[in-house]
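So the chains spell out like this:
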Amino acid sequence: MNDPLPSLPKDIAEALALEAKRSPPPQAALAQVQARIAASVAASASLAPAFATSVAKVTAAVVAALAVGGAGGFWVRTVSAPAVAPHIIVLPVTLPAPVAPPVEAVPAPVAPAAPREPRVVAAPSPQLERLLIERATVALARGDLAGALDACREHEQKFAQGMLVEERESLAIRALAAEGQMSRARARADRFHARFPNSMQAQVIDDALKK
Amino acid sequence: MIQADAFHAAYSNELGWLWSTLRRLGVPANALPDACHDVFVVAWERRATFRPDHPLRPWLFGIACRLAANRRVRMAGSEALTDAPVLSHHESPEALLVAKQTLDRVTKALDALDDEKRQVLVGHDIEGFAMPELTQALAVPLNTAYSRLRHARVAFERAFRSEESSA
């Protein structure tokens, strides 16, 4: 790297180089996260058919690995999404230490196949805030527009000044537009653009209003 | 804009790297799965902003920095890290111990930095991003990034030496 900075002392440079070469995290942990990402992304409204196939492969592989490897502690529930092929959401329920005192679970957008509803570890914030946004994202992707708007409304009530307001507004505007409430969607979009003039969400909002 | 297949390949290939990077940015071990998930969900939502002629990692790094700092996913009393340093099988137990101690000092010295310094030092001196990539990822002017890096290096070295003397 050619830059005007003075060189690092040799021992500091070696220590940073050692840090850069740390062993990768356990493959099992990565596979679990990969399945969650696949499920969340698959729920996106912009899901492409080729990607749906990829997601099915990922989730099937992870579930099979869990079954064979005995990596228990996972709650697996089947989700039937109208817009996409049925897929599986794998939610870890035995993460290392809970990050905050547990509270009541945020209602899931669909009923689980298992007879007993497991408690999802959530917290007043920011975990609950993230859960609400994810709930809205998944509901919107499935075409559950009322569910998406409910989650956005709940987020607005509990996290008026939250860290994910930008995401919430984007989701709400897209849900309103998909519901055909164009005047409300446009009015909310105008407020969004005024509040977040450089938002990365601007394009998807504008695209939703064109449909 | 990143396409669906490319995105699938991205999170398959880059998840391990992202995990390590988020940890270097201060996300505690027990929050890493959620943080990794969130970075890629945000990346997917914002895929329209990705330029295919640019490298992927700096873009992901920018998202990771914002999430690690703005969502306050880091907490006091983070768990001890369990991943070991990379050493060849020919290394002695003594060398392994020294390497582990060095990495512990690196972690503590990083923890001593504020977010701005930490992000630029991790991005430039550990991840190896070129400054133009880093300034784009962090949305800061080049001079600002250099200034932060100079201060970050001084603060890191001071903290690293402090850990050395207290060890």
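Since we're looking at a predicted model, the values are computed, not measured.

A. Structural view of the overall build of chain B. Of regular secondary structure, chain B possesses seven helices and zero strands. Across the 167 residues of chain B, 56% fall into the buried class. For chain B, contacts bridging at least 24 residues in sequence account for 68% of all contacts bridging at least 6. For chain B, the exposed area adds up to about 7,400 Å²; of that, 53% sits on carbon and sulfur atoms.

B. Fine view of the overall build of chain A. What chain A contains, in helices and strands, is eight helices and two strands. Overall, chain A shows an N-to-C arrangement of helices and strands of α-α-α-β-β-α-α-α-α-α. Counting every position in chain A, which comprises 211 residues, the buried fraction comes to 46%. Pairs at least 24 residues apart make up 51% of the contacts formed inside chain A by residues separated by at least 6 positions. With an accessible surface of roughly 10,500 Å², chain A has 58% of that area assigned to carbon and sulfur atoms.

C. The environment of A:E154, seen in detail. All names here are of chain A. The residue E154 is located in helix α5 (residues 145–158) in this model. Note on E154: relative accessible area 19%, which makes it buried. Apart from the residues lying within four places of it in its own chain, the contact partners of E154 are L132 and R135.

D. How the structure looks around the pattern of salt bridges. Counted under the stated rule, the structure contains 20 salt bridges over all chains. For A:K158, the salt bridge identified is with A:E154, shortest N-O distance 2.8 Å. In this pair, A:K158 and A:E154 are both assigned in helix α5, four residues apart and thus about one turn of the helix distant. Overlapping salt bridges, with partners in common, bring together A:E19, A:R22, B:R23, B:R24 and B:E127 in one network.

E. Inspection of the confidence of the model for chain A at higher detail. The predicted model of chain A has a mean per-residue pLDDT of 68, with 57% of residues at 70 or higher. Across chain A, helix α7 (residues 182–195) of chain A holds the top mean pLDDT of 95, while strand β1 (residues 74–79) of chain A sits lowest at 29.

F. Geometry of the packing of aromatic side chains. Scanning the model with the defined rule gives nine aromatic pairs over all chains in all. Aromatic side chains A:F192 and A:F196 sit 5.1 Å apart centroid to centroid with 50° between the ring planes, which places their arrangement in the tilted category. Using a relative accessible area of 2% as the deciding quantity, one classes A:F192 as buried. With a centroid separation of 6.1 Å and 80° between ring planes, the pair formed by B:F7 and B:F40 is classed as edge-to-face. With B:F7 in helix α1 (residues 4–24) and B:F40 in helix α2 (residues 32–45), this residue pair connects regions lying 33 residues apart in the sequence. Judged by relative accessible area, which is 1%, B:F7 ranks as buried. Of the aromatic side chains, those joined through ring pairs into one cluster are B:F7, B:Y11, B:F40 and B:W44. We note B:R47 situated over the ring of B:W44; from NZ or CZ to the ring centre the distance is 3.8 Å. Over the face of the ring belonging to B:F160 we find B:R105, whose NZ or CZ atom lies 3.8 Å from the ring centre.

G. Geometry of helix α6 (residues 131–138) of chain B. All names here are of chain B. M131, L134, T135, A137 and L138 are the residues of α6 that are buried. Projected down its long axis, α6 shows its buried positions confined to an angular sector of 160°, all on one face. Once α6 finishes, A139 follows within two positions and takes phi at roughly 55°, a positive value.

H. Structural detail: the environment of B:D53. Residue and element names in this part refer to chain B. Among the structural elements, D53 can be located in the loop between α2 and α3 (56–70). A relative accessible area of 59% means that D53 is categorised as exposed. A distance of 3.1 Å separates the side chain of D53 from the side chain of H54, its partner in a polar contact.

I. Broad picture of the side chain of B:R24. Take B:R24: it is sitting in helix α1. Of the residues examined, B:R24 reaches a relative accessible area of 3% and is grouped as buried. Dropping the residues within four chain positions of it, B:R24 is found in contact with A:E19, A:A20, A:R22, B:L110, B:R118, B:V122, B:I126 and B:E127.

J. Spatial organisation of the environment of A:L176. All names here are of chain A. Within the secondary structure layout, L176 lies in helix α6 (residues 165–179). On the basis of relative accessible area, L176 is assigned to the buried category, the value being 2%. The spacing of L176 and L149 is 27 residues in sequence and 7.8 Å in space, taken between C-alpha atoms. When neighbours within four sequence positions are excluded, L176 is seen to be in contact with L149, Q181, R184, A185 and R188.

What counts, and where the lines are drawn
Residues numbered from 1 in each chain as written. Chains lettered and ligands numbered in written order. Predicted model: local features only at pLDDT ≥ 70, side-chain atom pairs only at ≥ 80, totals over all residues. Heavy atoms only, no water. Helix = DSSP H or I, 4+ residues; strand = E, 2+ residues; numbered from the N terminus. Buried < 20%, exposed > 50% of the residue type's maximum accessible area, 1.4 Å probe, protein only. Contact = heavy atoms within 4.5 Å. Areas by Shrake-Rupley, 256 points an atom, 1.4 Å probe, with all protein chains shown as cover. Salt bridge = Lys/Arg side-chain N within 4 Å of Asp/Glu carboxyl O. pLDDT = per-residue confidence, 0-100. Phe/Tyr/Trp six-rings, centres within 6.5 Å; stacked < 30°, edge-to-face > 60°. Lys NZ or Arg CZ within 6 Å of the ring centre and 35° of its normal. Arc of directions from axis to C-beta. Polar contact = N/O pair within 3.5 Å; in protein donor to acceptor, adjacent residues only side chain to side chain.

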